[in-house]
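So the chains spell out like this:
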Amino acid sequence: MAAVGEDEGSMGPVEAAGSSVEAVFREERGRLLAALVRRFGDLDLAEEVASEAIEAALVHWPAGGVPSKPGAWLLTTARRKAVDRLRRDRAYAARLAVLQVEADRAAPAPPADTAADTGGELPDERLQLFFTCAHPALPAEDRIALTLRCLAGLTTPEVARALLLPPATMAKRIVRAKKKIREARIPFRVPGADELPDRLPGVLQVIYSIYTEGYAASSGPGLLRVDVAEEAIRLARILRRLLPGEREVAGLLGLMLLTHARRAARIGPGGELVLLGDQDRALWDRPMIEEGQALVVTALTGGSPGPYGVQAAIAALHDEAPGWPATDWPQIVALYDVLLALAPSPVVALNRAVAVAMRDGPEAGLALLDELAGEQRLRGYHPYALARADLLRRLGRRREAAAAYREALATAGTEPERAHLRRRLRSCE
C-alpha cells in the first residue's frame, strides 16, 4: 500500500487514479469486505457496497486526487451506501439487525466509527473473514470458492476459471455458501484459544488446496497455473501476518515457497513436464528457497512439529540437494515416518514408498506400493500408477511397466502429464 497516494510519476490523473484504485482493490479489498461484514453482518450487502465504493472512487479520484487514506475513504463511502440501502429496505434492515445482535453476543462489536478510531486506517479484520469462509459447516469445495471470492478478490468468473468449473456452477456454489452462512448463523469472529487448534487446519487446508490446483492443475491443457498458485501464496502471507505466532502457518507458507521456487524448471521448452530428478536446478528461485528455509526453522522450533512444517522440511531437503542422487534420502524417509504418524494417509505412504525406493532400491519401494494396492483413495490416482510403472521399468519388467503406464494415462488430468506418460509407455513397448 506504500505506493497508493504517492507520486505516480509521469502518469496522468486518470491513469494514476485507475492504477491506485486497482492497487487498493487488490491489497485492501479483503480488509474492506471484512470491515463491512463486521459492521453489517451480511456478506452479500458487504460485497455490493464495496463494489459501489470502488466505482465511486473511479469517478471522484481522477478529479479530486487520491485521498491520503484511500482504504478509509472506501470504507466510509461503502458504509454510507449500505446505510442508504437499508433505509430504503426496512424489512431487510430488520433482518440484518437480528443477525447483528446475535453476532454481537458472540463477539463484542467494534466502535461505530472503526476507521476513525484507527487513525483513519482501514481496520484489518480479515482473520475473521478467513475463519468464516473456511467454517467446517460449509462443504470443502464451497470453502475454497468463497475464500477465492472474498479474500483473494477474484470475480465469480475468475473463481470458475481457477477451479475449472462453468461460471454458472460457480455462481450457484458461492450463493449456496453465503446462504449457509446466513441461515446457519455462522459467526464472523476469530475462534477462541480453545477452538483455534481445531479450526486453523481447515483454513490452512483451503489455502493449500488453492495452491495445489495452481502448481499441479487437476486438468486442462497446462500443468502450471501460476496466477492461482501465487494467489494462494499471497493469502498465506496475509494469514502469517495475522497469526505470526502460529508455527503451522509458517510451515504452510514455507512449503509453498520451497515448492514454487522450482516452477520455472518444471516445464520444458516445448511445454513438456520435467520431473524433479531431471530439472535444471539453476532455474530454481534461490531467494524464494532461502525465505522458505527460514520459515522451516520457525515451523520446527518450539515444540512438536505439525504436518505442514514436516512437509516443508522435506521440500527444503530437495531444494538443498545439488542433484537428484545426492538428495538426503534417509532423512527424507525419516521425515515421512514422522508425517505418517502426524497425518496418516495413503498419499503420504505413497510418497514415502518412492523415497524408500531411492534409499533402498526399486524392489523395496515396489513392495511398499504393492501393500497400498487395496487403498480406495489411490484408485484412479494416477501418481500411484505412475510410481509403480517407473519402479517396474527400473527393474526391467517392461510389460508390467507398460500396463501401469496405461493405467496412469487413463486417469492423468493435464496434457503435459499425458504426453509424459505416452513417452514412457513408448519406451517400454
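Residues numbered from 1 in each chain as written. Predicted model: local features only at pLDDT ≥ 70, side-chain atom pairs only at ≥ 80, totals over all residues. Heavy atoms only, no water.

Comments concerning the side chain of D142
At step 1: Relative to the assigned elements, D142 resides in helix α7 (residues 140-150).
At step 2: Sequence-distant contacts of D142, defined by excluding residues within four places in its chain, comprise R173, R176 and A177. (Helix = DSSP H or I, 4+ residues; strand = E, 2+ residues; numbered from the N terminus. Contact = heavy atoms within 4.5 Å.)

Re unusual backbone geometry
At step 1: Here the phi dihedral of R185 falls at roughly 55°; this positive angle occurs in a residue that is not glycine.
At step 2: Structurally, R185 can be placed in the loop between α9 (167-183) and α10 (196-215).

Some details on the nonpolar core
At step 1: One finds L36, L146, I207, L239 and M256 to be the most contacted residues of the largest nonpolar core, which totals 97 residues.
At step 2: Here this core takes 10 residues from α10, the largest share from any one element.
At step 3: The contact partners of M256, leaving out residues within four places of it in the chain, are I207, Y208, Y211, A232, I233 and A236.
At step 4: One finds A349, L372, A387 and A412 within the second-largest nonpolar core, a separate group that totals 24 residues. (Core = buried A, V, L, I, M, F, W, Y, C linked by side-chain atoms within 4.5 Å. Buried < 20%, exposed > 50% of the residue type's maximum accessible area, 1.4 Å probe, protein only.)

Describing the packing of aromatic side chains
At step 1: Counted according to the given criterion, the structure contains 5 aromatic pairs.
At step 2: Arranged with centres 6.4 Å apart and planes meeting at 10°, the rings of Y208 and Y211 form a pair that is stacked. Highlighted residues: Y208 and Y211, both in helix α10, separated by 3 residues, approximately one helical turn.
At step 3: Seen in terms of ring centroids, W324 and W329 are 4.8 Å apart; in terms of plane orientation they differ by 75°. Their pairing is edge-to-face.
At step 4: A relative accessible area of 23% means that W324 is categorised as partly exposed.
At step 5: Ring pairs connect the aromatic residues Y208, Y211, Y215 and Y308, which therefore count as one cluster.
At step 6: Just above the ring of F40 sits the side chain of R39; from NZ or CZ to the centre is 5.1 Å.
At step 7: Between the NZ or CZ atom of R262 and the centre of the ring of W284, over which it lies, the distance is 5.8 Å. (Phe/Tyr/Trp six-rings, centres within 6.5 Å; stacked < 30°, edge-to-face > 60°. Lys NZ or Arg CZ within 6 Å of the ring centre and 35° of its normal.)

Describing the packing of α7 against α9
At step 1: With their axes 9 Å apart at the nearest point, α7 and α9 run at an angle of 95° to one another. One element, α7, and the other, α9, form an angle in the roughly perpendicular class. The residues of α9 that touch α7, namely those facing E141, D142, A145, L146 and R149, are M170, R173, I174, R176, A177, K178 and I181.
At step 2: Classifying every residue of the contact of α7 with α9 by side-chain character gives 6 nonpolar, no polar and 6 charged. (Axes fitted to C-alpha atoms, helices over the stretch in contact; angles between N-to-C directions. Parallel < 35°, antiparallel > 145°, perpendicular 65-115°, else oblique. Nonpolar A, V, L, I, M, F, W, Y, C, P; charged D, E, K, R; others polar.)

Focus on the pattern of salt bridges
At step 1: One pass over the structure, following the stated rule, counts 28 salt bridges.
At step 2: Between D142 and R176 there is a salt bridge, and its shortest N-O distance comes to 2.5 Å. With D142 in helix α7 and R176 in helix α9, this residue pair connects regions lying 34 residues apart in the sequence.
At step 3: On the basis of relative accessible area, D142 is assigned to the buried category, the value being 1%.
At step 4: Judged by relative accessible area, which is 41%, R176 ranks as partly exposed.
At step 5: Taking the shortest distance from any N to any O, the salt bridge between E291 and R237 comes out at 2.6 Å. Linking E291 in helix α13 (residues 286-300) with R237 in helix α11 (residues 226-242), this pair joins segments that are 54 residues apart in sequence.
At step 6: Overall, the relative accessible area of 30% leaves E291 in the partly exposed class. (Salt bridge = Lys/Arg side-chain N within 4 Å of Asp/Glu carboxyl O.)

Read these as geometric descriptors, not functional statements.
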